[in-house]
Amino acid sequence: MEELAERGWSKEYEAWRNGSGLAVRKRKERRSAWAGVASVLLLLGMWCAPGYAAEAQEPVVLTPSEIVELGLEADANLKIAKLNLDNAEIAYQRNVANNLLVNSAQAAFNAEVEWKRAQANYQGQVADAVISLLQQAIDLRRAELRAQVEEIRISLARLEYERARERVRAGIANEDSLVEAELALVGRELEFDEVSISLENQRESLANRIGVRHFSLGAMPEFMPYSVDVEAALPKALESSADLLDSRAGVENARREVERLNLEGAPPLDIRQAENNVAIAEIRLASVERQLKESLESAARTINRTAVNYEIAVRQLELAQRRLAITQRQAEAGFVTQDTVSNARIQALEAESARLEALKNYLVAVLNFEKLIGADLRESVVLRGGPHDGEAS
């Protein structure tokens, strides 16, 4: 009786699996149905809007440097910042003109400080936008690679599921192994769906940011060797730092206050307090200078460290590609199965993704260093190529 019951249960289970209970088959059917509806809607859209259809069929190929350029042009915040910078220049010119009448050194100095501060702040906003756009472009390529990896893993899980079915039919495996294989397949499909959604969200986010709806990624940036000399770069960093500018203005204003009090014959306690304020401002100035130099040294170390990490990632990619080539030859000779080839391909794709991550970290490290020395990141060596400024090498 128990054997009959078990056989009956197996038949019912097999019927359930071959019928509406098979999650994988149903998911495919639903996807096919929705794909058909989407195709009809797409055709209608193409018929109604041929220009849009042509754009969708032929996406623009953009390199990361082109994406940065388009993103900067489309950035509303940068447009506002540019107008604010122009207003700051107008205010500076007015202050200079007004000061011609009174000839106040203090007023001229303060106007110069405000104008330089506005320039430094604008350059900082541009630098942040450049770095962010470059990161998004490389991250999008890595998301594409991850989607490829998950697609291969789905094919492996599907193949393992079919093998489990054959083993159960042949009576060399029980139903538990089939259930486990199906669960693994469903899990892989869910993971692929999540990765695909994340990929599309990243693509849409970048498309909205650069103002180009349909695009594909071109070649990624190349590794550009970049050596730094902190001592040579320090004067440029000091000149472009908004914080240092404020600290110097604080010292200058404090000294002028002491001069004014002495000229007016102020009480000794007032003069003493003003002199203390000068000492405090000088200490703050020295602290800012020290912190700026430490930041440069830290940025230089980051460049060197990320360069080494990139070299390691390149070596690992080369090994993964060699392993894949060897595995493909072994499969052609019949020594290994296609499963082994697929796993080697996954390792190669993951190694390429790791190389891009290491490259991104290196490029961002270089851009951060150039930001510290007040360079225009739109003309950075990591975006345009070629040798970098000798003063920072």
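What counts, and at which threshold
Residues numbered from 1 in each chain as written. Predicted model: local features only at pLDDT ≥ 70, side-chain atom pairs only at ≥ 80, totals over all residues. Heavy atoms only, no water. pLDDT = per-residue confidence, 0-100. Contact = heavy atoms within 4.5 Å. 1 Å grid on protein atoms, 1.4 Å probe; cavity = no way out; pocket = protein on both sides within 12 Å on 5 of 7 lines; lining within 4 Å. Points joined across faces, edges and corners; volume = space filled by probe spheres on them. Helix = DSSP H or I, 4+ residues; strand = E, 2+ residues; numbered from the N terminus. Nonpolar A, V, L, I, M, F, W, Y, C, P; charged D, E, K, R; others polar. Core = buried A, V, L, I, M, F, W, Y, C linked by side-chain atoms within 4.5 Å. Buried < 20%, exposed > 50% of the residue type's maximum accessible area, 1.4 Å probe, protein only.

Asks: Is there a simple way to explain the confidence of the model for the protein in this structure?
Replies: Do not read the predicted coordinates in detail wherever pLDDT is low. Model confidence for the protein is summarised by a mean pLDDT of 85, while 83% of its residues fall at 70 or above. Counted against residues more than four places away or in other chains, residues 1–28, with its pLDDT under 50, gives 30 contacts. Here residues 40–44 scores under 50 on pLDDT; set against residues more than four positions off or in separate chains, the count is 0 contacts.

Asks: Please clarify how the layout of surface pockets should be interpreted in this entry.
Replies: Remark: the empty space left among the atoms is shown by a probe the size of a water molecule rolled over them. Considering only enclosed or pocket space, the largest pocket measures out at about 700 Å³ in volume. In terms of lining residues, the largest pocket is bounded by 28 residues, among which Ala 120, Ala 237, Ser 240, Ser 241 and Ala 242 are the most central. Elements that contribute at least two residues to the lining of the largest pocket include exactly α6 (105–170), α8 (230–240), α9 (242–264), α10 (268–332) and α11 (338–372). In terms of residue count, the dominant contributor to the lining of the largest pocket is α6 (7 residues). Its residues placed into classes, the lining of the largest pocket shows 12 nonpolar, 9 polar and 7 charged. When its volume is computed, the second largest pocket comes out at roughly 180 Å³. Considering the residues around the second largest pocket, the lining is formed by Ser 65, Val 68, Glu 69, Leu 72, Glu 73, Leu 78, Lys 79, Tyr 122, Val 126, Arg 378, Leu 383 and Arg 384. Looking at the lining of the second largest pocket, the element that brings in the most residues is helix α4 (residues 64–74), giving 5 residues. The residue makeup of the lining of the second largest pocket, split by class, is 6 nonpolar, 1 polar and 5 charged.

Asks: Quick question: what am I supposed to make of the nonpolar core here?
Replies: Side chains of nonpolar character tend, in soluble globular proteins, to be buried together. Ile 67, Val 130, Ile 210, Phe 215 and Phe 369 are the most contacted members of the largest nonpolar core, which totals 72 residues. Among the elements that take part in this core, α6 stands out by supplying 19 residues, more than any other. Ignoring sequence-local partners within four residues, the contact set of Val 130 consists of Val 68, Leu 72, Leu 367, Leu 377, Arg 378 and Leu 383. Core analysis: the next-biggest nonpolar cluster, separate from the first, contains 8 residues, Leu 317, Leu 324, Ala 331 and Ala 351 among them.

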